[in-house]
Each structure stands twice: as C-alpha cells, then as structure tokens.
Amino acid sequence: MLSNHPVAPAAETPRSPAPPASGAAPTPAEQRKVLGASFVGTAIEWYDFFIYGSAAALIFGPQFFPSEDPITGTLSAFATFAVGFIARPIGGLLAGHFGDQIGRKKMLLITMLVMGGATVGIGLLPNFATIDVWAPILLVVLRFVQGLGVGGEWGGAVLMAVEYAPRNRRALFGAFPQMGLPVGIIVSNLVFILVTATLAPEAFEAWGWRVPFLVSALLIFVALYLRFKVEDSPVFQQTQKNDEVHRFPLGELLRHHGWTTLLAGLASAASPAIGYLYSVYMLSYGTEALGLPQPSMLWLIVGGAVVHLVTVLLGAMLADRFRQKSVFVAGAALVILGAFPFFWLVDTAQPVLILIGFAVLLIAQSLMAGPQAALVAELFPANVRYSGASTAYQIGSIVGGGFAPLIATSLHASFGASWPISLYILALGALALVAILPLRTGRFDASWESSR
C-alpha cells in the first residue's frame, strides 16, 4: 500500500544515526573490476534481450505466427516482445527482495544464468511448422523467463557500480551499466547484420536466425567469470554488519517509500520507451513503412546506438558536475521538444536524416539515462535500495518500454501516419517531467559514507 505522504522525510522509517566509518574505501583496482563486471554483464544481458527484438521484427512473424497478413504476424511477434516486460517487474521484485537480503552479487549471478538459459532455449526452439501451436506457447514462456532475468539485472548492476563509487562520481559509475544497453543494441544488430549478409535468405529463415541466440551461451560464461571475481557492495556488507537487513524488504519499501517508488517508476518510463522505439520499432517501420532495406536499417540503428553510448556517458558527467535532477529534467524537456522533429526527419526515408533524427532523440534520452542510475539509487536507504531501484525501474519499463513497439505499430496501422507516435513520445516526456519534479534525492548519503 502506498504511503499517503509523497516524499516528506516524516514518511521514512526511523533509523539510528549513521555508524562511524569502518574499513578502507574500495581501491581503484577494485572499482575498475566492479565497473568492468557491471558493464560487460549488463551488455550481455541486453544483447540477449535485444536479439529477441530484432528477431521479432525480422523473422518471428513467419516462424512462430504464420499469417496471410504480414502486419498481423508482426503485431503478434511484438506482443511476445512485450511479454518480457510483463515479467520484468516480477523479476525486479524477486531480485530486489533477495538482493537486499543476501547481497547484490549473488542475485547478479542468478539473473545471468536465468537470462542466458532462456536465450539459448529460444535458439533451440522448433518453429510453428514443426510443433504447431506449442511453438508460440513455448516462445512466450521463454520470453517471460528472459524478462525475469533482465528484470533483476539492472538494479543489482547499478547498485554494485554506484555503491562502489566516490560521492562526486556516482552518476559516472552508474552510467557503466547504463552503457551496457547501447552496447547490447550494437552487438545484437551487428550479429544479425553478419548473419543476414553471409547467409542466403532461405538459410537465414531455416536456421540462421538461431545463431545470435546460441552465441549467448559463450557470452554468459564470460560474464559469470567476471562477476565471480568481485566482492559484494561495501554498502551492503556494512548493512549486514550493522544488522540492518530487513526480513521483508519489499514490505518495508511499500510501507515507507511507496509513493517515491511510484514516482521514480513513472519518471523512468520515457527513457526505455525511446530506446525500444528506435532499436526495435524503427527496424520494422523503416523496412515496411519506408521501404528501406533491412541492412540499411540495422546499420542506422547501430549508428544511433553509438551516439547513445557516447551521450549517456556525457549525461552522467554533466550530472556529476551539476545536479542529477537538473540534467534529468533537461532531458525530459528535450524529449518533448524533439518528439515531432524526430519523425519529420525519419519520414524523409533519407539515411543521413534518419540518423540525425535518431541522434536528436537519443541525446535527449541520454540526459535522462546518464543520471538515472545514481538518481534512483539515492532515493532509497541501503537496506531497501535494491528493492526500490529495481521496482522503480521496472515500473518504468512496463509503462513506457515493453509496449512501445506494439503501441507504435497499432497507432501507425490505425492512422496511417507517424504523428500519433510523436504524440505518444511527447506524452512520455511530459510524464517523466511531471513525475521527477517532486522527488528529493541525496537524503540517504549516510548509508554510503558509513561503508567507507
């Protein structure tokens, strides 16, 4: 049940004063190791998640949802893409609960195994022609499991990075897991470009589309190795030492930080929605509505992801220099201003202008994504931080992310134009702006400082 008082300090759980600092601060070598593990692990998780989106746009329609109408098949494939986002809040809740009880590191290892197993399972799954209706059913189940895995990933990876960070570099450290998202987009699309370029269309339809999913098995071992080598967050270790671990962190979160969690979730909706509109929906929009070749659209999406990779780091650096909230607000405002120019550029069907359109919207998104990890983490005390960060982020993912390609496809099919999608993007930017303004950050700095 949500707290009746939005974000006022009176709604917080009474806590004893911060204990004196104990133990040495993490060394630069330890920080680099954590950043590497967070970045690589998150990139692989997003690779797994995004190859599904590419496959949904390119091949899942005829493979699992054969229909005389290609639009119907595409809608069905995007609907299964959205299933992962229904599962993500559940994964976020479960991982948050246990991450606040047993540690960030253990949950990150579990989520990696869950995600990787489901991805390889999709690569091995027989299609509709082989096992009939069981093919789409099992595809939905595996997509749901993917959603569970990635749902718990973000909160843990972000907290491992942010809780190891110096106070004046939290946004920068938190940006490393955020950078895993565009890297996942880049690698997943490059793999599909390679597969489609080297195989005949018949071979790609018969078995080639499975290769990107099976490659995940090798990548998972790399991520697990890196994550085994890092120690758990010093903030969580201090929480354990102080005997401040809750038996039911989620209940504690909802009782005392429910409204904050909801607002943080709504503020987080625009960023993933923009990401999925450009990385997933644009692939089908460009090929079907604009008539551009698939390789051209894949390369444009890769180009946009490179812009995103650079600008999300810039957004984090600005957030550490100025206020995290101020940079986030600027990003939300730019989303509102850029919603219509984005499609004006894309609808020219000129690759250079499309890439400029991608860049305009992704720069706006990066001003939100850069500070987002540290901003959301700082809203919650250490003993419910994993639950709070995961729940808030997954609320945003289901409100703005998973259904964005499906909503965009339906809007374009209904109106035969792109302006309703621009209105949808504008509304998401306005929602982020309205939700972020009442939130107060930096109220739980003691939980960081006590671990130093």
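The structure presented is a predicted model; accordingly, all values stated were derived computationally and were not measured.

Quick notes on the rules
Residues numbered from 1 in each chain as written. Predicted model: local features only at pLDDT ≥ 70, side-chain atom pairs only at ≥ 80, totals over all residues. Heavy atoms only, no water. pLDDT = per-residue confidence, 0-100. Contact = heavy atoms within 4.5 Å. Salt bridge = Lys/Arg side-chain N within 4 Å of Asp/Glu carboxyl O. Helix = DSSP H or I, 4+ residues; strand = E, 2+ residues; numbered from the N terminus. Buried < 20%, exposed > 50% of the residue type's maximum accessible area, 1.4 Å probe, protein only. Patch = residues over 30% accessible without salt bridge, like charges linked within 9 Å, V, L, I, M, F, W, Y side chains within 5 Å. Areas by Shrake-Rupley, 256 points an atom, 1.4 Å probe, with all protein chains shown as cover. Phe/Tyr/Trp six-rings, centres within 6.5 Å; stacked < 30°, edge-to-face > 60°. Core = buried A, V, L, I, M, F, W, Y, C linked by side-chain atoms within 4.5 Å. Axes fitted to C-alpha atoms, helices over the stretch in contact; angles between N-to-C directions. Parallel < 35°, antiparallel > 145°, perpendicular 65-115°, else oblique. Left-handed = near helix turned anticlockwise from the far one by under 90°. Nonpolar A, V, L, I, M, F, W, Y, C, P; charged D, E, K, R; others polar. Lys, Arg positive; Asp, Glu negative; His and termini not counted.

*Asks:* Just to check I follow, could you spell out the confidence of the model for the protein for this structure?
*Replies:* Scored by pLDDT, the protein comes out at a mean of 83, with 90% of its residues at no less than 70. Low pLDDT, under 50, characterises residues 1-23; the predicted model gives this stretch 50 contacts beyond four residues in sequence or across chains.

*Asks:* For this particular structure, what's the right way to read the pattern of salt bridges?
*Replies:* This model, assessed by the stated rule, comprises six salt bridges. Between E163 and R104 there is a salt bridge, with the nearest N and O atoms lying 2.9 Å from each other. Of this pair, E163 sits in the loop between α6 (134-162) and α7 (170-198) while R104 sits in helix α4 (residues 104-124); the two residues are 59 residues apart in sequence, bridging distant segments of the chain. Each member of the pair, E163 as well as R104, carries the same accessibility label: buried. Between R227 and E153 there is a salt bridge, with its nearest N and O atoms 2.5 Å apart. Here R227 is found in helix α9 (residues 211-228), whereas its partner E153 is found in helix α6, with 74 residues between them in sequence. The exposure classification of R227 matches that of E153, with both residues buried. Salt bridges sharing common partners tie together D100, R104, E163 and R385.

*Asks:* For this particular structure, what's the right way to read unusual backbone geometry?
*Replies:* If a residue is not glycine, its phi is most likely negative; likewise, a peptide bond is most likely trans. Non-glycine residue D132 carries a positive phi angle of around 60°. Under the relative-accessibility criterion, D132 is labelled partly exposed at 45%. One non-glycine residue, A349, lies in positive phi territory at about 65°. Within the element layout of this structure, A349 appears in the loop between α14 (324-346) and α15 (351-377).

*Asks:* Is there a simple way to think about a nonpolar patch on the surface in this case?
*Replies:* Where nonpolar side chains cluster on the molecular surface, the patch consists of V133, W134, I137, L138 and V141 and spans about 440 Å² of accessible area. The residue I137 is located in helix α6 in this model. On the basis of relative accessibility, which here comes to 38%, the residue I137 falls in the partly exposed class.

*Asks:* Just checking my understanding: could you explain the packing of aromatic side chains for this structure?
*Replies:* Under the criterion given, the structure shown has eleven aromatic pairs. Ring geometry for F342 and F343: centres 5.0 Å apart, planes at 75°, overall edge-to-face. Residue class for F342 comes out buried when judged on its relative accessible area of 2%. Its relative accessible area of 2% is what places F343 among the buried residues. Ring centres of F342 and F358 lie 6.1 Å apart, and the angle between their planes is 25°; this geometry places the pair in the stacked category. Here F342, found in helix α14, pairs with F358, found in helix α15; they are 16 residues apart in sequence, far enough to count as distant. Judged on exposure class, the residue F342 and its partner F358 are both buried.

*Asks:* Looking at this structure, I do not really get the nonpolar core. What am I missing?
*Replies:* Considering soluble globular proteins, one finds that nonpolar side chains tend to be buried as a cluster. Counting residues in hydrophobic clusters, the biggest one holds 97 residues, and the most contacted among them are F60, M282, F343 and F358. Per element, the largest residue contribution to this core is eleven residues, and it comes from helix α12 (residues 270-289). Discounting chain neighbours no more than four positions away, the residues touching F358 are Y278, M282, M297, L300, I301, G304, F342 and V346.

*Asks:* Just checking my understanding: could you explain the packing of α4 against α9 for this structure?
*Replies:* One way to put it is that α4 packs onto α9 with a least axis distance of 8 Å and a crossing angle of 170°. Put simply, α4 runs roughly antiparallel to α9. Across the interface between the two elements, K105, L108, L109, T111, M112, L113, G116, T119, V120, I122, G123 and L124 of α4 pack against F213, L214, S216, A217, I220, A223, L224, R227 and F228 of α9.

*Asks:* Is there a simple way to think about the packing of α12 against helix α17 (residues 404-415) in this case?
*Replies:* Two packed helices can be described by the angle between their axes and the distance between those axes. One way to put it is that α12 packs onto α17 with a least axis distance of 8 Å and a crossing angle of 40°. When the axis of α12 is compared with that of α17, the two are oblique. The way α12 lies across α17 gives a crossing that is right-handed. Contact with α12, carried on its side by A273, Y276, L277, V280, Y281, Y285 and A289, involves A404, P405, A408, T409 and H412 of α17 and no other residues of that element. Here the residues of the contact of α12 with α17 are counted per class, giving ten nonpolar, two polar and no charged.

*Asks:* Explanation requested: the side chain of E45 in the structure shown.
*Replies:* With respect to the helices and strands, E45 occurs in helix α1 (residues 28-58). Although E45 is buried, it makes no salt bridge; R227 carries the closest opposite charge, 4.5 Å away. What E45 contacts, discounting residues up to four positions off in sequence, is T111, M112, M115, G149, V150 and E153.

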